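Survey of secondary and tertiary structure
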Amino acid sequence: MTGSITSQPAPKGSEQPAERPAAQLSPTTPPQEAVLPPRAPEAPAPGTLVGSHYDHCFGCGPQHPAGLRMTVVAGEGLDVTAEFTVGAGHQGGPGLAHGGLLTTAMDETLGSLNWLLHAAAVTGRLETDFVRPVPVDSVLHIRARITGVHGRKIYSAAEGRIGGPDGPVAIRAQALFIQVKLEHFTQHGRPEDIKKALDDPDLFKRARAFEVNP
Ligand SMILES: CCCCCCCC/C=C\CCCCCCCC(=O)SCCNC(=O)CCNC(=O)[C@H](O)C(C)(C)COP(=O)(O)OP(=O)(O)OC[C@H]1O[C@@H](n2cnc3c(N)ncnc32)[C@H](O)[C@@H]1OP(=O)(O)O
């Protein structure tokens, strides 16, 4: 094997580490100017299902043949809860959940928070800490909350626990979602899927509502 990422000598004069800049905030941490707006009047009532935003979504779509089919419940404030049961088809290591799928479950749950603000938004950045392994057959109990809003930027955080809603934390995530207009989907999505979506009166009505009250 040739080449090693650790074998290069440091360039002359660079032995001393450069002075570190003041601790930088992650782009998923809300800035000081961020606010916590009230729930939108259209937000699902506390304790009710947030509902799938798209039948064919890998995370929440009830018609997706192999998706996670997650259901998310609105909390009292700018928060939600969700559960994801890790199946045999979600393995990474033998008997253990694949980290990418756990991240997807977090992404889906964090994304559903945006409905509480009645905002269509997409993931700009998602940071995940895998704290402990998650065995197949575990139920991941996820809690997520909006941590701040600044312009089009919606900041949020979540944690997933196993062995019960108050069990040990297995995964943590922080995200930055960016609010988008309907054109984000119509301009970039595969035309045949967009056409089908536009032909679906329920989805179309839901999507148009964002434009009227962005
Ligand atoms: C016809 C029917 C339609 C039906 C519709 C049904 C309703 C659906 C409703 C809701 C669906 C939600 C679906 C959820 C699914 C689960 C979540 C996902 O998996 S989403 C998929 C993965 N994500 C992407 O594919 C994004 C790809 N990226 C982009 O498209 C762009 O980069 C985008 C929109 C994120 C930003 O692009 P810009 O041109 O609009 O805006 P700029 O100016 O670049 O960014 C705005 C601000 O955000 C910061 N920003 C953007 N990305 C950042 C990043 N990665 N890290 C840090 N900051 C970032 C920028 O620095 C800027 O900040 P400063 O305003 O200048 O302060």
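Residues numbered from 1 in each chain as written. Predicted model: local features only at pLDDT ≥ 70, side-chain atom pairs only at ≥ 80, totals over all residues. Heavy atoms only, no water.

The chain is annotated in an unreviewed UniProt entry as Acyl-coenzyme A thioesterase THEM4 of Kitasatospora indigofera. Under the UniProt heading Sequence similarities (unreviewed entry), the note attached to the chain is "Belongs to the THEM4/THEM5 thioesterase family." (UniProt positions renumbered as here; feature names shortened; annotations may be inferred.)

1. Here we look at the confidence of the model for the chain
Mean pLDDT for the chain: 90, with 84% of residues reaching 70 or above. Two summary scores accompany this predicted model of the complex, namely pTM at 0.90 and ipTM at 0.97. (pLDDT = per-residue confidence, 0-100.)

2. What to know about the sheet that holds strand β3 (residues 121–130)
Across the sheet, which stays open at both edges, the 6 strands sit in the order β1-β2-β4-β5-β6-β3 with antiparallel pairing between neighbours. Two strands bound the open sheet, and with one partner strand each, they are β1 (71–74) and β3. When strand polarity is set aside, the average angle formed by the axes of neighbouring strands in this sheet is 20 degrees. Pairing geometry for strand β4 (residues 139–150) and strand β5 (residues 153–161), over 9 bridges, is antiparallel. Opposite His 150, over in β5, you have Lys 153 as the bridge partner. (Pairing = 2+ DSSP bridges. Helix = DSSP H or I, 4+ residues; strand = E, 2+ residues; numbered from the N terminus. Axes fitted to C-alpha atoms, helices over the stretch in contact; angles between N-to-C directions.)

3. A word on the environment of Thr 85
Mapped onto the secondary structure, Thr 85 falls in strand β2 (residues 79–85). Judged by its relative accessible area of 48%, Thr 85 is partly exposed. For the pair Thr 85 and Ala 120, spaced 35 residues apart in the sequence, the C-alpha separation amounts to 27 Å. Beyond its immediate sequence surroundings of up to four residues, Thr 85 is in contact with His 90, Ser 138 and Val 139. (Buried < 20%, exposed > 50% of the residue type's maximum accessible area, 1.4 Å probe, protein only. Contact = heavy atoms within 4.5 Å.)

4. What about the layout of surface pockets?
Summary: where empty space remains is shown by rolling a probe the size of a single water molecule over the atoms. Volume-wise, the largest pocket comes out at about 1000 Å³. As for the largest pocket, its lining consists of 42 residues, of which His 53, Tyr 54, Cys 57, Trp 115 and Phe 185 are closest to the centre. Mapped onto the lining of the largest pocket, the elements with two or more residues apiece are β1, α1 (99–112), β3, α2 (183–188), α3 (191–199) and α4 (201–212). Grouping the constituent residues of the lining of the largest pocket by class yields 24 nonpolar, 13 polar and 5 charged. Of the volumes computed, that of the second largest pocket is approximately 150 Å³. Forming the boundary of the second largest pocket are Tyr 54, Asp 55, His 56, Gln 63, Asp 193, Lys 196, Ala 197, Asp 200 and Leu 203. Residue contributions to the lining of the second largest pocket peak at 3 residues, all from α3. Across the lining of the second largest pocket, the residue classes tally to 3 nonpolar, 2 polar and 4 charged. (1 Å grid on protein atoms, 1.4 Å probe; cavity = no way out; pocket = protein on both sides within 12 Å on 5 of 7 lines; lining within 4 Å. Points joined across faces, edges and corners; volume = space filled by probe spheres on them. Nonpolar A, V, L, I, M, F, W, Y, C, P; charged D, E, K, R; others polar.)

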